[in-house]
Amino acid sequence: MFDPLGLVKGNGVALRLCQRGDYHTYRSVVHTFTIPWSMASITRYRLEDLEGAHQIELEVSKDREQNFHICAYELIEMRDFSAGLLSILGTETIGFIPGNQAALSNRLYHRILTEDEELETCKYLCDEEDLDDLPENLGYTRDGNGNWYMMMQRSSGRTKHFYRQPPKRCWEYEDDNGERLLIELNAASEHEASHFEIYLGRKILREELHVVSGKSEPLHHGHRERETSLAL
């Protein structure tokens, strides 16, 4: 079992982390990890604050150079499978508007590639009505049928094989402010259709995480707590 933070094996252990500008103490309520033959060692903790009002997903991965990477995500939206959305995932940049926000909140995110992602070259046909007067200045080319197109490299996504779960195809982006956009396609199983889960989050520095040990389990406010450093 890959439990790098010791939140599952530890007795009475919680985690302090700053989210939304305030520090919260979280306990792990769900824990999963990738199967042994996965390309990367990844574990994901679903953390719930001790008030029980806020949950986040904390993902810890280890690359081939044995470096740890930690990100915290919040699930903001679930969408039914869409071939249109799938066709643009993995491109170099993507504009994203959360379903519950106005178009003015659209942000541009840049693709993050991991070591186990592969790129493929794709031809994207463009609607001439949507192009400027001189589309060739923007990198578009006209083919023999008169269609304007652009050649782009697209990632097929990173596949995460979590224990006893259908595989997830994942694409991750980051904006200029360091906010992460994670989109995961949950592969269809016998019991449910494919769907997208969309997360917003950020990369976490190791020094931002503080493991908190209490005298008993579960932890509650008022118990004596002791912070320990991480051994990542």
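Note that the structure is a prediction, hence the values are computed from the model and not measured.

Caption draft 1: Molecular detail of the sheet that holds strand β9 (residues 141-142). What the three strands build is an open sheet, ordered β8-β10-β9; its pairing is antiparallel. The outermost strands of the open sheet, each flanked by one partner alone, are β8 (119-126) and β9. Inspection of the sheet shows β9 paired to strand β10 (residues 148-155) by two bridges, in the antiparallel sense. Looking at the pairing, Arg142 lines up with Trp148 of β10.

Caption draft 2: Broad picture of the packing of aromatic side chains. Inspection of the entire model under this criterion finds three aromatic pairs. Where Phe33 meets Tyr163, the ring centres are 5.7 Å apart and the plane angle is 5°; that geometry is what we call stacked. Here the residue Phe33 occupies a position in strand β2 (residues 22-33), and Tyr163 occupies one in the loop between β11 (158-160) and β12 (168-174), the gap between them amounting to 130 residues. Here the aromatic rings of Phe81 and Phe196 are separated by 5.9 Å at their centres, their planes lie at 10°, and the arrangement is stacked. Taken as a pair, Phe81 in the loop between β5 (68-80) and α1 (83-88) and Phe196 in strand β14 (residues 195-203) lie far apart in primary sequence, 115 residues in all. Judged by its relative accessible area of 43%, Phe81 falls in the partly exposed class. By relative accessible area, Phe196 is classed as buried at 0%. Positioned above the aromatic ring of Tyr199, the side-chain terminus of Arg44 is 5.7 Å from the ring centre. Above the ring of Tyr149, the side-chain terminus of Lys123 is found at 4.5 Å from the ring centroid.

Caption draft 3: Seen up close, the nonpolar core. Of all hydrophobic cores here, the largest spans 16 residues; its most connected members are Leu5, Leu15, Leu17, Leu47 and Leu58. Counting residues per element, the ones that place at least two in this core are β1 (13-19), β3 (41-49), β4 (55-62) and β5. With 14 residues, the next largest nonpolar core counts Leu86, Leu89, Tyr173 and Ile183 among its residues.

Caption draft 4: Region of the structure containing the pattern of salt bridges. Under the counting rule described, the total for this entry stands at 18 salt bridges. Across the pair Asp116 and Arg158 runs a salt bridge whose closest N-O atoms are separated by 3.2 Å. Separated by 42 residues along the polypeptide, Asp116 in the loop between β7 (107-112) and β8 and Arg158 in strand β11 bring together distant segments of the chain. Assessed through its relative accessible area of 16%, Asp116 is described here as buried. Two residues, Arg180 and Glu172, come together in a salt bridge whose shortest N-O distance is 3.1 Å. By the burial criterion, Arg180 is buried, and Glu172 matches it. Through salt bridges with shared partners, a single ionic network connects Arg44, Glu59, Lys160, Lys168, Glu184 and Glu197.

Caption draft 5: Structural context of the environment of Glu48. For Glu48, the location among the structural elements is in strand β3. Taking the C-alpha atoms as reference, Glu48 lies 9.3 Å from His24; in sequence the two are 24 residues apart. The residues touching Glu48, leaving out its near neighbours within four places in the chain, are Thr25, Tyr26, Arg27, Val29, His54 and Gln55. Within the structure, the side chain of Glu48 is placed 2.9 Å from the side chain of Arg27, a separation counted as a polar contact. Separated by 3.2 Å, the side chains of Glu48 and Gln55 make a polar contact.

Caption draft 6: Region of interest: the environment of Arg180. Relative to the helices and strands, Arg180 is located in strand β13 (residues 179-186). Residue Arg180 is classed as buried on the basis of its relative accessible area of 10%. Expressed as a C-alpha distance, the spacing of Arg180 and Tyr109, which sit 71 residues apart in the sequence, is 8.0 Å. Setting aside anything within four residues of it in sequence, one finds Arg180 in contact with Cys71, Tyr73, Tyr109, Ile112, Glu172, Tyr173, Glu174, Tyr199, Leu200, Gly201, Arg202 and Lys203. Here Glu174 takes part through its side chain, which lies 3.1 Å from a polar atom of the side chain of Arg180.

The rules we used
- Residue numbers here run from 1 along each chain, matching the order of that chain's written sequence.
- Only residues with pLDDT of at least 70 get local features here, since the model is predicted, and only at 80 or more are side-chain atom pairs given and counted; chain-wide, interface and lining totals rely on the full set of residues.
- The side-chain numbers reported here are obtained from all heavy atoms of the structure, hydrogens and water having been left aside.
- Strand pairing is assigned whenever DSSP detects at least two bridges linking the two strands.
- Helix numbers and strand numbers start at the N terminus; a helix is a DSSP run of H or I with at least 4 residues, a strand a run of E with at least 2.
- Put simply, two rings from Phe, Tyr or Trp (the six-membered ring, in Trp's case) pair if the centres are within 6.5 Å, and we call them stacked under 30 degrees between planes, edge-to-face over 60, tilted for the rest.
- With a 1.4 Å probe rolled over the protein chains alone, any residue whose accessible area is under 20% of its type maximum counts as buried; one over 50% counts as exposed, and the rest are partly exposed.
- Only Lys NZ and Arg CZ are tested; either one counts as a charge over a ring when it is within 6 Å of the ring centre and within 35 degrees of the ring normal.
- Side-chain atoms within 4.5 Å link the members of a nonpolar core, which is a set of buried Ala, Val, Leu, Ile, Met, Phe, Trp, Tyr and Cys residues.
- Each salt bridge in this description consists of a side-chain nitrogen of Lys or Arg and a carboxyl oxygen of Asp or Glu lying within 4 Å of one another.
- Whether two residues are in contact is decided by their heavy atoms: any pair within 4.5 Å suffices.
- Two N or O atoms count as a polar contact when they lie within 3.5 Å, although within protein this holds only if one can serve as hydrogen donor and the other as acceptor, and sequence-adjacent residues are included solely when both atoms are side-chain atoms.

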